[in-house]
Amino acid sequence: MTAIYIGVMTGTSMDGVDIVAASFDPLRLHATLTLPFDPELRDELMALTLPDDNEIDRMGAADVALGQMIGHGINQMIEKNALDRSQIRAIGSHGQTIRHRPEHHFTLQIGDPHIIAELTGIAVVSDFRRRDMAAGGQGAPLVPAFHQALFQHPEIHRVILNLGGIANVSLLPAGQPEKVYGFDTGPANILMDGWCQRYTGHPYDENGSWAAYGQPIRALLERLQAHEYFSKEPPKSTGREDFNLDWLDEQIQDWRNDDLGYDELEDTPENVQATLLKLTTRAIKKAIYRSGLDTGEVYVCGGGAYNAHLLDQLRWRLRKHQWSVQTTDSLGLSPTWVEATAFAWLAMRFVQQQSGNLPAVTGAQGFRILGSMTAA
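Residues numbered from 1 in each chain as written. Predicted model: local features only at pLDDT ≥ 70, side-chain atom pairs only at ≥ 80, totals over all residues. Heavy atoms only, no water.

A. Up close: the overall build of the protein chain. Counting secondary structure elements, the protein chain contains 14 helices and 13 strands. Expected size for 376 residues packed as a compact globule is a radius of gyration near 21 Å; at 20 Å, the protein chain falls within 12% of this value. Across its three principal axes, the protein chain shows a C-alpha extent of roughly 65 × 55 × 40 Å. Put simply, the protein chain has 376 residues, and 56% of those count as buried. For the protein chain, the share of sequence-separated contacts (at least 6 apart) that also reach a separation of at least 24 residues comes to 70%. Per element, the accessible surface of the protein chain, about 16,200 Å² overall, is 47% carbon and sulfur. (Helix = DSSP H or I, 4+ residues; strand = E, 2+ residues; numbered from the N terminus. Rg over C-alpha atoms; globule rule 2.2 N^0.38 Å. Buried < 20%, exposed > 50% of the residue type's maximum accessible area, 1.4 Å probe, protein only. Contact = heavy atoms within 4.5 Å. Areas by Shrake-Rupley, 256 points an atom, 1.4 Å probe, with all protein chains shown as cover.)

Right under this line is the structure:
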């Protein structure tokens, strides 16, 4: 009987909860579902990513609400696709990160696994990041081990680029599993989506067309790039704590006040959006060019894979070494489902009592079995 694992992922962008039912060896997706957030819950989760009043009670209520949402969503997917529950070995639920502080060896994801197990009758593996942190790691990114297992090629260098709220890269040298590594390069959709929502009323910049209409502001870009995160050496990870609209507003105001060459005509919302896109692509280019890989293939997943202008800009920036840029559709897995499938895979690794981290990526002292299980 084929063992099926369910993966649940909600990322930094908080644009919905992705759920997949997958089996491995070979990979097969049996069912998929995206649950849109209730706007009130999304707003509360967003607010909880930064310090505020009455956090513990509010976090508790959001923990329960998200657990219920995920549990009901899994049941909906199972019933709609007539999946056999006896084949489902476990659910891998990442939960929603509301605080990630690797410098304090602390990370917190919510979405109560006990509620998910109670509603579905299926064991839940959750809390994937803290064991890696206990071993001295960043607790992120965790998907490079999955990328290596599925996508590393014996003869072609590959980079798997996830463009979620935060951009991260998995660098897969051809035929050298011991040299795989990866890290968060910096912000991606987290700033572009927020800025777009504020000035256009749309939740994201479709195809990057608004950014394409603007022109990057060099002085502002240099100020944004001065953030200490960009000068850190891997292993490293980041999140909404470092990059958010409040931080962006401060940088823009400082640029306006301090830049002797400030040009009011240059200071338009679409030009800021173009600057944010360039901030993302520059950091990705730097990561790939500093990897030591001469040329190869970049495969993009996450919501940013559908930003045509961003991908065109990446192709232009990587042209020097003839890197190709395409989405993970070319590898047989839709960009939408890569991360949720990764947590189905991590649930499988836990059930099989095999490691799920890559120490070269996270900085942990060694390979560790990730997660904790809540029984059915």
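Okay, back to it.
B. Focus on the pattern of salt bridges. Scanning the model with the defined rule gives 12 salt bridges in all. With a shortest N-O distance of 4.0 Å, Glu79 and Arg85 are connected by a salt bridge. Judged by relative accessible area, which is 58%, Glu79 ranks as exposed. Arg85 sits in the partly exposed class, given a relative accessible area of 32%. As a salt-bridge pair, Arg101 and Glu103 come within 3.5 Å of each other at their nearest N and O atoms. According to the relative accessible area criterion, Arg101 is partly exposed, its value standing at 25%. Taken together, the salt bridges that share partners define one network made up of Glu44, Asp52 and Arg58. (Salt bridge = Lys/Arg side-chain N within 4 Å of Asp/Glu carboxyl O.)

C. Layout of the sheet that holds strand β10 (residues 181-187). The mixed open sheet is built from 5 strands, whose spatial order is β10-β9-β8-β11-β12. Looking at strand neighbours, the two that pair on one side only are β10 and β12 (324-327), the edges of this open sheet. Geometrically, the sheet is characterised by an average inter-axis angle of 20° between neighbouring strands, direction not taken into account. For strand β11 (residues 297-301) and β12, the ladder comprises 4 bridges, and the chain directions are parallel. Looking at β12, one finds that Glu297 is bridged to Ser324. (Pairing = 2+ DSSP bridges. Axes fitted to C-alpha atoms, helices over the stretch in contact; angles between N-to-C directions.)

D. Local environment of the UniProt feature "binding site: ATP" (unreviewed entry) in the protein chain. In the numbering used here, UniProt assigns the feature "binding site: ATP" (unreviewed entry) to Gly11, Thr12, Ser13, Met14, Asp15, Gly16, Val17 and Asp18. Its place among the elements puts Met14 in the loop between β1 (4-9) and β2 (17-23). Those residues in contact with Met14, other than ones at most four positions away along the chain, are Phe37, Arg42, Leu45, Met46, Thr49, Gln96, Thr97 and Arg240. Inspection of the secondary structure puts Asp18 in strand β2. Not counting residues up to four positions away in its chain, the partners in contact with Asp18 are Gly7, Val8, Met9, Leu33, Thr34, Thr336, Trp337 and Ala340. (UniProt positions renumbered as here; feature names shortened; annotations may be inferred.)

E. Examining the packing of aromatic side chains more closely. For the structure on display, the rule yields 10 aromatic pairs. Note on Tyr181 and Phe183: the rings are 6.4 Å apart at their centroids and 20° apart in plane angle, and the pair reads as stacked. Classification of Phe183 by relative accessible area gives buried; the value is 8%. With centroids separated by 6.4 Å and ring planes inclined at 75°, the aromatic side chains of Tyr229 and Phe230 adopt a geometry described as edge-to-face. The two residues Tyr229 and Phe230 agree in class, both being buried. (Phe/Tyr/Trp six-rings, centres within 6.5 Å; stacked < 30°, edge-to-face > 60°.)

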